[in-house]
Amino acid sequence: DLNRGKGAVYLRVDDPQKGNDKGTFLLQLRALDLKNNDPGLFGIGVSDPFYEISRKYFNPSKGFVYWQRIYRSEYKKNLINPLWEEIMTLPLTTVCYGDLDNELRIAIYDYNTKHKHTPIGYCFTTARSLLTNVAVRGNADREVALEIVADEGNAPNAPKTGLLVVLQAEILEEDESSLSES
């Protein structure tokens, strides 16, 4: 209890620049063949998926790693092949500290109103991989889709729980992003 002089407040400040710190990262995703985590009472329910993107943070002095959430999408009701129409637009430093090879985790969850959201699966990638795996054969392009796996630890033999299709991924340079905001 901070009011009684007990407890602590921790503040972490990190250097957001590991590479190119100029520009805005744009990303649009869809998922295919998601595992249905919400069969319902009579087996006719369907998951309400949403995704969260987190960047990997490693503290070398303390020796720990954690995932810092940078974005959460809207949820799509009753879909196992959701198309998220929103386009994530974030500064490159927010997405990956300006380092295109910094690891990202895209977690897919089943949205629940009455209890904790249920994990459907995880995709471990980088901003560079998202940029190079943009769909070229439409929004159901399985050839360049990224795997979603059941294991949060990214075990090599984890069961596949769906595919993630990158519909749009690009970096707008600083002057381009300021033009699009006008």
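Above this text sits the structure in question.
Our subject in this report is the structure included herewith. All chains use their own residue numbering, which begins from 1 and follows the written sequence. Restriction of local features to residues with pLDDT of at least 70 applies here, the model being predicted, together with a cutoff of 80 or more for giving and counting side-chain atom pairs; totals for whole chains, interfaces and linings are based on all residues. Hydrogens and water are ignored here; the side-chain numbers use all heavy atoms of the structure.

Once that is clear, we can look at the environment of Glu170. Runs of E in the DSSP output that reach at least two residues are strands. Runs of H or I that reach at least four are helices, and both are numbered from the N terminus. In this structure, Glu170 sits in strand 8 (residues 160-172). As a C-alpha pair, Glu170 and Thr132 span 38 residues in sequence and 9.5 Å in three-dimensional space. Setting aside chain neighbours within four positions, we find Glu170 in contact with Thr24, Phe25, Leu26 and Leu131. By the criterion applied in these results, polar contacts are pairs of N or O atoms within 3.5 Å in which, for protein atoms, one can donate a hydrogen and the other can accept it, and in which residues neighboring in sequence qualify only through two side-chain atoms. Within the local environment of Glu170, its side chain forms a polar contact with the side chain of Gln168, the two groups lying 2.9 Å apart. Contacts were defined at the residue level, with two residues in contact if any of their heavy atoms lie within 4.5 Å.

Across nine bridges, strand 1 (residues 24-32) lies against strand 8 in antiparallel orientation. Among the inter-strand pairings, Arg30 is bridged to a residue of strand 8, identified as Val165. Strand direction decides the pairing type here: strand 7 (residues 146-149) and strand 8, joined by four bridges, are antiparallel. Bridging from a neighbouring strand, Ile148 pairs with Gly162 of strand 8. Two strands are counted as paired when DSSP detects at least two bridges linking them.

What follows concerns the packing of aromatic side chains. Stacked, edge-to-face and tilted labels apply to pairs of Phe, Tyr and Trp rings (six-membered ring for Trp) whose centres lie within 6.5 Å, assigned for plane angles under 30 degrees, over 60, and everything in between, in that order. Enumeration over the complete set of coordinates arrives at nine aromatic pairs. Taken together, a centroid distance of 4.8 Å and an interplanar angle of 80 degrees make the contact between Tyr51 and Trp84 edge-to-face. Here the residue Tyr51 occupies a position in strand 2 (residues 49-59), and Trp84 occupies one in the loop between strand 3 (64-72) and strand 4 (88-91), the gap between them amounting to 33 residues. Judged on exposure class, the residue Tyr51 and its partner Trp84 are both buried. By way of ring pairs, the aromatic residues Phe50, Tyr75, Tyr109 and Tyr111 are connected into one cluster. Each residue is assigned to one of three classes by its accessible area relative to the maximum for its type, calculated with a 1.4 Å probe on protein chains only: buried under 20%, partly exposed between the two thresholds, exposed over 50%.

On to the pairing of strand 1, then. The buried fraction of strand 1 amounts to nine of the nine residues, a majority that puts the element mostly inside the structure. Neither face of strand 1 is open: one carries Thr24, Leu26, Gln28, Arg30 and Leu32, the other Phe25, Leu27, Leu29 and Ala31, and all of them are buried. Here strand 1 pairs with strand 4 via four bridges, running antiparallel. Considered in strand 4, the bridge of Leu26 is made with Thr89.

For the rest of this paragraph, the subject is the pattern of salt bridges. The salt bridge definition used is simple: a Lys or Arg side-chain nitrogen within 4 Å of an Asp or Glu carboxyl oxygen. All told, the structure shown has seven salt bridges when counted by the stated rule. We note a salt bridge from Asp33 to Arg142, for which the minimum N-O separation is 2.5 Å. One end of the pair, Asp33, is in the loop between strand 1 and strand 2; the other, Arg142, is in the loop between helix 2 (127-132) and strand 7, and 109 residues separate them in sequence. Residue Arg137 pairs with Glu143 through a salt bridge whose shortest N-O separation is 2.8 Å.

With that out of the way, let us pick up the environment of Asp99. Among the secondary structure elements, Asp99 is positioned in the loop between helix 1 (92-96) and strand 5 (103-110). Classification of Asp99 as partly exposed rests on a relative accessible area of 25%. For the pair Asp99 and Thr126, spaced 27 residues apart in sequence, the C-alpha separation works out to 9.1 Å.

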